[in-house]
Amino acid sequence: TIRREWERAGAYQAVAELFDEIWVFGDSNDTETLIDGGPLAQVASKVHSCGRIGHLEAPSSPWPGSPSGDQKPVVLVTGGGGRDAAPLVRTYMDAVSFFRPAVTSHVVLGPDFPPNDRARLAFTTREGLTVADFVPDLPDRLARSSVIVSMAGYNTVCEILASGRPAVLVPRITPREEQLLRARRWQRDGRIRMIDPRELSPQALWTAVEQLLDAPPVAGREFHGGQVAACRAAALLGGRT
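Cut-off values and rules
Sequence order sets the numbering: in each chain, residues are counted from 1 along the sequence as written. The model is predicted, so local features are restricted to residues of pLDDT at least 70 and side-chain atom pairs to those at 80 or more, both for listing and for counting; the totals for chains, interfaces and linings are taken over all residues. The side-chain numbers reported here are obtained from all heavy atoms of the structure, hydrogens and water having been left aside. Here the nonpolar core consists of buried residues drawn from Ala, Val, Leu, Ile, Met, Phe, Trp, Tyr and Cys, with membership extended through side-chain atoms lying within 4.5 Å. With a 1.4 Å probe rolled over the protein chains alone, any residue whose accessible area is under 20% of its type maximum counts as buried; one over 50% counts as exposed, and the rest are partly exposed. In DSSP terms, a helix is any run of H or I states spanning at least four residues, a strand is any run of E spanning at least two, and both are numbered starting from the N terminus. By definition in these notes, contact holds between two residues if any of their heavy atoms fall within 4.5 Å. Sulfur atoms of two cysteines make up a disulfide when they are within 2.5 Å. Here, a salt bridge means any Lys or Arg side-chain nitrogen found within 4 Å of an Asp or Glu carboxyl oxygen. Two strands make a pair as long as DSSP finds a minimum of two bridges between them. To get an axis, fit a line to the C-alpha atoms, keeping to the stretch in contact for a helix; angles then go from 0 to 180 degrees between the N-to-C directions. By convention, a stacked pair of Phe, Tyr or Trp rings (six-membered ring in the case of Trp) has centres within 6.5 Å and planes under 30 degrees apart, an edge-to-face pair has planes over 60 apart, and any other such pair is tilted. Cation placement over rings: the criterion is NZ of Lys or CZ of Arg within 6 Å of the ring centroid and within 35° of the ring normal. By the definition adopted for this analysis, an angle is roughly parallel if under 35 degrees, roughly antiparallel if over 145, roughly perpendicular if from 65 to 115, and oblique otherwise. Here the nonpolar group is Ala, Val, Leu, Ile, Met, Phe, Trp, Tyr, Cys and Pro; Asp, Glu, Lys and Arg are the charged ones; every other residue, Gly included, is treated as polar.

Colleague: An account of the nonpolar core is needed here, citing residue identities and associated values.
Modeller: Ranked by size, the top nonpolar core spans 27 residues in total, and within it Y92, V149 and V168 carry the most contacts. Those elements that provide at least two residues to this core are strand 3 (74–78), helix 4 (86–99), strand 6 (147–150) and helix 9 (202–212). Broken down by element, the residue count for this core peaks at 7 residues, all from helix 4. Excluding anything up to four places from it in sequence, V168 contacts I148, V149, S150, R193, I195, L205, A208, V209 and L212. Of all hydrophobic cores here, the second largest spans 20 residues; its members include V135, V157, L180 and A183.

Here it is, written out as C-alpha cells:
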C-alpha cells in the first residue's frame, strides 16, 4: 500500500532529494521492516529509529466529580481526534444505559468529533457519566483510570501503553488498516484487548471492559522518541554554518 501511494505521489524522489534524515517513531523492528525490502530501502543511510513518542506524569488530582473514599472504578472512553469515534461512543453509551454498571464513566470525544453526533449526546444524561470535548491532561487521566476504552490511533495507544492501565481497543478498518494492525500487535503482546469494529456491540464492549476491571496494571512503557528526535534536530542545526 505504501509503495503504491508513494509511487503515485512521487514520494520516492522527494524522500531521496529533499531530506537529510528520516526519523522512524517506532522500535528497531519497525525501522528494519521499512528498510529491508521496504519503501525506505534506497535511502537506508538516512533512516534513524527514534523510538515511540509518549509522555507520562504522576497523577495530580482526581477527576472532577469523581467520588472520594470508596471510589467506583473509573472507565475512560476516548476517541483520539474523534473524527470517526461516534460509533464507539454511541456503543459505550448504550452499554452503560443497558447494563447500568457501578462505575464512573468519563468520555472524551476529541476536537474533531462530528458536531451532529455531539449535539445528540447533549440529551444523554446519567449519574456517574461525564462528557468532555477535550481535556488538556489526557495522559494523567489515563493513568488514573481503571479501564480505558479507545480507538487505536498512534498517539493514543502510546499514551495508553505508557499509563500501564488495561485497555479495550476498537480500531478503525477504513480507509486504512493501520489501526487494526496496531491493535492486533499489542493484543498479541498482552497489553490490550481488541474488538473488531465489525463485531462491536454493547454486549461485546461491556463484557471486555468488565473482564478488565479487576486486572492489575502492568508496568508503563517509557517512550523517549520525542527526546531522541530533539537531540537529533539539535545536532543537525548545530552543524549548520
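Colleague: Outline helix 7 (residues 154–163), supporting the account with residue identities and numerical values.
Modeller: Among the 10 residues that make up helix 7, 7 are buried, leaving the element largely enclosed by the rest of the structure. Every buried residue belonging to helix 7 is among T156, V157, C158, I160, L161, A162 and S163, and all of these are buried. Against strand 3, helix 6 (138–143), strand 6, strand 7 (167–169) and helix 8 (178–188) lie the buried residues of helix 7. G164 sits one or two residues past helix 7 and shows a positive phi near 80 degrees.

Colleague: Account for the state of the cysteines, with residues named and values stated.
Modeller: Per the stated rule, a full pass over the model turns up 0 disulfides. Among the cysteines around C50, which has no disulfide bond, C231 carries the closest sulfur, lying 9.8 Å off. C50 sits in the buried class, given a relative accessible area of 6%.

Colleague: Outline the pattern of salt bridges, supporting the account with residue identities and numerical values.
Modeller: Inspection of every chain in the model, using the stated rule, returns 16 salt bridges. Between D117 and R120 there is a salt bridge whose closest N-O contact spans 3.7 Å. Here R120 and D117 lie together in helix 5 (residues 115–121), a separation of 3 residues that amounts to about one turn. With relative accessibility at 15%, the residue D117 sits in the buried group. Close ionic contact of D196 with R198 constitutes a salt bridge, the shortest N to O distance being 2.7 Å.

Colleague: Outline the sheet that holds strand 7, supporting the account with residue identities and numerical values.
Modeller: Across the sheet, 6 strands lie side by side as 5-4-3-6-7-8; this open sheet has parallel pairing. Looking along the sheet, the strands with just one partner apiece sit at the ends: strand 5 (129–132) and strand 8 (193–194). By the bridge criterion, 4 bridges tie strand 3 to strand 6 in an arrangement that is parallel. Its bridge partner lying in strand 6, L76 is registered against I148. Sheet strands in contact with helix 9 are strand 3, strand 6, strand 7 and strand 8, and its direction is about 155 degrees off that of strand 7.

Colleague: Lay out the packing of aromatic side chains in plain terms, naming residues and giving numbers.
Modeller: Under the definition given, this model contains 3 aromatic pairs. Both rings, one in W6 and one in Y12, keep their centres 5.5 Å apart while their planes meet at 70 degrees; by these two values the pair is edge-to-face. You can call W6 partly exposed: its relative accessible area is 25%. The exposure class assigned to Y12 is partly exposed, which follows from its relative accessible area of 28%. When the ring of Y92 is compared with that of W206, the centres are 6.3 Å apart and the planes differ by 55 degrees; the resulting orientation is tilted. Of this pair, Y92 sits in helix 4 while W206 is found in helix 9, placing the two residues 114 residues apart along the sequence. Take W206: its relative accessible area is 5%, and that puts it in the buried class. The side chain of R185 reaches across the aromatic face of W186, ending 5.4 Å from its centre.

Colleague: Before we move on, could you go through the packing of helix 4 against helix 9 and cite the residues and values that matter?
Modeller: Remark: helix 4 packs on helix 9, axes separated minimally by 8 Å, with the N-to-C direction vectors making an angle of 75 degrees. By the angle between their directions, the pair helix 4 and helix 9 is classed as roughly perpendicular. Two secondary-structure elements touch here, helix 4 through L88, T91, Y92, D94, A95, V96 and F99 and helix 9 through P202, Q203, L205 and W206. Of the residues contributing to the contact of helix 4 with helix 9, the split by class is 8 nonpolar, 2 polar and 1 charged.

Shape is all these values report; function is a separate question.
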